[in-house]
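Reading the structure
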Amino acid sequence: MDVKIEKSWKEVLAPEFEKSYFQDLTSFIRGEYKTKTVYPPPGEIFEAFNRTPFENVNVVVLGQDPYHGESQAHGLCFSVKHGVRTPPSLQNIYKEIHADTGDKIPPDGNLEHWADKGVLLLNATLTVEAHKAGSHQHKGWEEFTDAVVHALAENKEHLVFLLWGSYAQKKGAFIDREKHLVLEAPHPSPFSAYSGFFGCKHFSQTNAYLFAHAKNMIEWAREK
């Protein structure tokens, strides 16, 4: 199956594209886009991979579902396009970055600069029907993104995995903690951020680990 995805990921994930679950998933997704409003736009489903080639990944952030509101999702977890109001969970991420590193809170919620610098912003499910959270769960995306996480954990060393919330923590439970840095905290949503996300200091810990392993640190917050 010819999947339009960045070439290094296409090579790494080639076995997945030939499996029956992925073919069934593809058929389902094509039907959804033909008959319903689905996010993100079809050309941005694999934006996380296209922005962050396999060899460039140093940090992995695991999300769950794309945003299901108009003009929000663009293939990067937690991120929204320029000009779109910063969602509450990302506002809390920015607050923790500011408290942790002293960096100023950015003026918008676009995280493309993270992706371009080696942060894979991966949702477990890569598509969603408009205004129906979780509508594309259990259709095959989770199996595909499990394969992504396994490929990274098994074939690379000294990655940082940021697992926020129980869903992400379960998805990353198998990761070798001796080989990679795995940082866990409650989800940054307004419902749980005060239960331990605030004060987790994941951003400074990530950069300290990257520096210690001779990798480029991440500029978490920046002004336009």
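Everything numeric here is computed off the predicted structure, so don't read it as measured data. (Residues numbered from 1 in each chain as written. Predicted model: local features only at pLDDT ≥ 70, side-chain atom pairs only at ≥ 80, totals over all residues. Heavy atoms only, no water.)

**Quick look at unusual backbone geometry**
Selection rule: The way it works is that DSSP assigns letters per residue, a run of H or I at least four long becomes a helix, a run of E at least two long becomes a strand, and they are numbered from the N terminus. Categorising residues by exposure relies on relative accessible area from a 1.4 Å probe, with only protein chains included: less than 20% of the type maximum marks a residue as buried, more than 50% marks it as exposed, and the intermediate range marks it as partly exposed.
Between Y39 and P40 the backbone carries a cis peptide bond, its omega angle lying at -5 degrees. With respect to the helices, strands and loops of the structure, P40 is situated in the loop between β1 (38–39) and α4 (47–51). Here H138, not a glycine, exhibits a phi torsion of approximately 65 degrees, which is positive. Judged by relative accessible area, which is 70%, H138 ranks as exposed. With a phi close to 55 degrees, K201 is a non-glycine residue in the positive phi region. Positionally, K201 belongs in the loop between β6 (181–185) and α9 (202–212). For K201, a relative accessible area of 41% gives the class partly exposed.

**Considering the packing of helix α5 (residues 88–101) against α9**
Filter applied, for reference: In this analysis, axes come from line fits to C-alpha atoms, helices being fitted only over the stretch in contact, and the angle between any two N-to-C directions falls in the range 0 to 180 degrees. In what follows, roughly perpendicular refers to angles from 65 to 115 degrees, roughly parallel to angles under 35, roughly antiparallel to angles over 145, and oblique to any angle outside these ranges. Whether two residues touch is decided by their heavy atoms; if any such pair falls within 4.5 Å, the residues are in contact. Throughout, the ten residues Ala, Val, Leu, Ile, Met, Phe, Trp, Tyr, Cys and Pro are labelled nonpolar, Asp, Glu, Lys and Arg are labelled charged, and all others, Gly among them, are labelled polar.
With their axes 8 Å apart at the nearest point, α5 and α9 run at an angle of 60 degrees to one another. Considered as vectors, α5 and α9 are oriented oblique to each other. Along the contact surface, α5 presents I93, E96, I97, D100 and T101, while α9 presents H202, F203 and S204. The residue makeup of the contact of α5 with α9, split by class, is 3 nonpolar, 3 polar and 2 charged.

**Observations regarding the packing of aromatic side chains**
Rule in force here: Ring pairs shown here join Phe, Tyr and Trp side chains whose ring centres sit within 6.5 Å, with only the six-membered ring taken for Trp; geometry is labelled stacked below 30 degrees between planes, edge-to-face above 60, and tilted in between. Throughout this description, the term charge over a ring refers to an Arg CZ or Lys NZ atom that lies within 6 Å of the ring centre and within 35 degrees of the ring normal.
Under the counting rule described, the total for this entry stands at 18 aromatic pairs. Measuring from centroid to centroid gives 5.3 Å for F22 and F144, while their planes differ by 45 degrees, and the two rings are tilted. Note that F22 is positioned in helix α3 (residues 20–35) and F144 in helix α7 (residues 141–155), a separation of 122 residues in sequence. With a relative accessible area of 3%, F22 lands in the buried category. On the accessibility criterion, F144 (0% relative accessible area) is buried. The ring of F28 carries the charged tip of K139 above its face, separated from the ring centre by 5.0 Å. The ring of F54 carries the charged tip of K156 above its face, separated from the ring centre by 5.3 Å.

**What to know about the pattern of salt bridges**
Heads up, the condition is: Salt bridge criterion: a side-chain nitrogen from Lys or Arg within 4 Å of a carboxyl oxygen from Asp or Glu.
On inspection of all chains with the given rule, the structure shows 10 salt bridges. Residue R51 is joined to D116 by a salt bridge in which the shortest nitrogen-to-oxygen separation is 2.9 Å. Here the residue R51 occupies a position in helix α4, and D116 occupies one in helix α6 (residues 112–116), the gap between them amounting to 65 residues. Given the relative accessible area of 27%, R51 is considered partly exposed. The exposure class assigned to D116 is partly exposed, which follows from its relative accessible area of 42%. Between R177 and E184 there is a salt bridge whose closest N-O contact spans 2.8 Å. Classification of R177 by relative accessible area gives partly exposed; the value is 36%. Salt bridges linked by common partners bring E32, K36, E129 and K132 together as one network.

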